[in-house]
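# Coordinates in review
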Amino acid sequence: MITYELCLLYRIMPKAELASVVKRTANAIFEKGGFIRKLENLGTRDMPHKTSMHGQVHHKASYFLIEFNAPPTCIDNLLDEYVRDVDIIRKRIYKKQEIAPFECTLHEDMLPPPYRKSVQELIAQTKKTDKPKYEYNTGLDYYPFQK
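How each quantity is defined
Residues numbered from 1 in each chain as written. Predicted model: local features only at pLDDT ≥ 70, side-chain atom pairs only at ≥ 80, totals over all residues. Heavy atoms only, no water. Helix = DSSP H or I, 4+ residues; strand = E, 2+ residues; numbered from the N terminus. Expected span 1.5 Å × (residues − 1). Contact = heavy atoms within 4.5 Å. Pairing = 2+ DSSP bridges. Axes fitted to C-alpha atoms, helices over the stretch in contact; angles between N-to-C directions. Parallel < 35°, antiparallel > 145°, perpendicular 65-115°, else oblique. Left-handed = near helix turned anticlockwise from the far one by under 90°. Nonpolar A, V, L, I, M, F, W, Y, C, P; charged D, E, K, R; others polar. Core = buried A, V, L, I, M, F, W, Y, C linked by side-chain atoms within 4.5 Å. Buried < 20%, exposed > 50% of the residue type's maximum accessible area, 1.4 Å probe, protein only. Polar contact = N/O pair within 3.5 Å; in protein donor to acceptor, adjacent residues only side chain to side chain.

## Notes on helix H1 (residues 15-31)
With 17 residues, H1 extends 24 Å from end C-alpha to end C-alpha; this agrees with the ideal 24 Å at 1.5 Å per step. Looking at the packing, one finds that the buried side of H1 touches strand E1 (2-10), strand E2 (35-53), strand E3 (56-70), helix H2 (75-84) and strand E4 (88-95). Just past H1, the residue Gly33 takes up positive phi, approximately 95°.

This is how it looks when you write it as structure tokens:
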């Protein structure tokens, strides 16, 4: 199954009510055949701009991030269910990208340019592409046209 990130903004409410809304959101994922890997509360913050949802204007929201695995066919059903939920102000589901491994080359980058492996490869590449000299085949020992 594919890993997704669900970013949720809930309306401001007491902690007990907020906990029941988060449980309801998580149960919707479980019912669709997914499972939750991580649930992160990012706190209550001011929103970047006021948002109108379900007939109310919201200036603050409780931010949550849920990382879950689910079949791709159930994502549309989840979004449809979250649109109807009056406690959710905003929701976004992103496909989580795997981070490509990389190797630190700081030691090589700190070397002077002539000693760096990448610079030496560039120099060797330019030496391979020497252009052949053009012979004019005029029979003269000079070039008759002015250069």
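## What about the sheet that holds E3?
Taken in spatial order, the 4 strands of this open sheet run E2-E3-E1-E4, and their pairing is antiparallel. In this open sheet, the two strands that pair with only one neighbour each are E2 and E4. Between one strand and the next, the sheet's axes are offset by a mean angle of 20°, whatever the strand orientation. Looking at chain direction, E2 and E3 are connected through 13 bridges and run antiparallel.

## Some details on the packing of H1 against H2
For the pair H1 and H2, interaxial distance at closest approach is 10 Å and the crossing angle is 155°. Taken together, the axes of H1 and H2 are roughly antiparallel relative to one another. Along this stretch, H1 crosses H2, giving a crossing that reads as right-handed. Residues Thr25, Ala28 and Ile29 of H1 form the contact with H2, whose own contacting residues are Leu78, Glu81 and Tyr82. Among the residues making up the contact of H1 with H2, the classes are represented as 4 nonpolar, 1 polar and 1 charged.

## Some remarks on the nonpolar core
Counting 20 residues, the largest nonpolar core has Leu6, Tyr10, Phe68 and Leu78 as its most contacted members. Contributing elements (two or more residues each) for this core: E1, H1, E3, H2 and E4. When residues in this core are grouped by element, the largest group, 5 residues, is from H1. Those residues in contact with Tyr10, other than ones at most four positions away along the chain, are Leu18, Val21, Val22, Thr25, Ala61, Ser62, Phe64, Asp87, Ile88 and Ile89. With 5 residues, the next largest nonpolar core counts Met47, Ala61, Tyr63 and Ile89 among its residues.

## A short note on the side chain of Glu67
Mapped onto the fold, Glu67 is located in strand E3. At 2.8 Å, the side chain of Glu67 and the side chain of Lys96 are in polar contact. Setting aside anything within four residues of it in sequence, one finds Glu67 in contact with Thr3, Tyr4, Glu5, Ile36, Arg37, Lys38 and Lys96.

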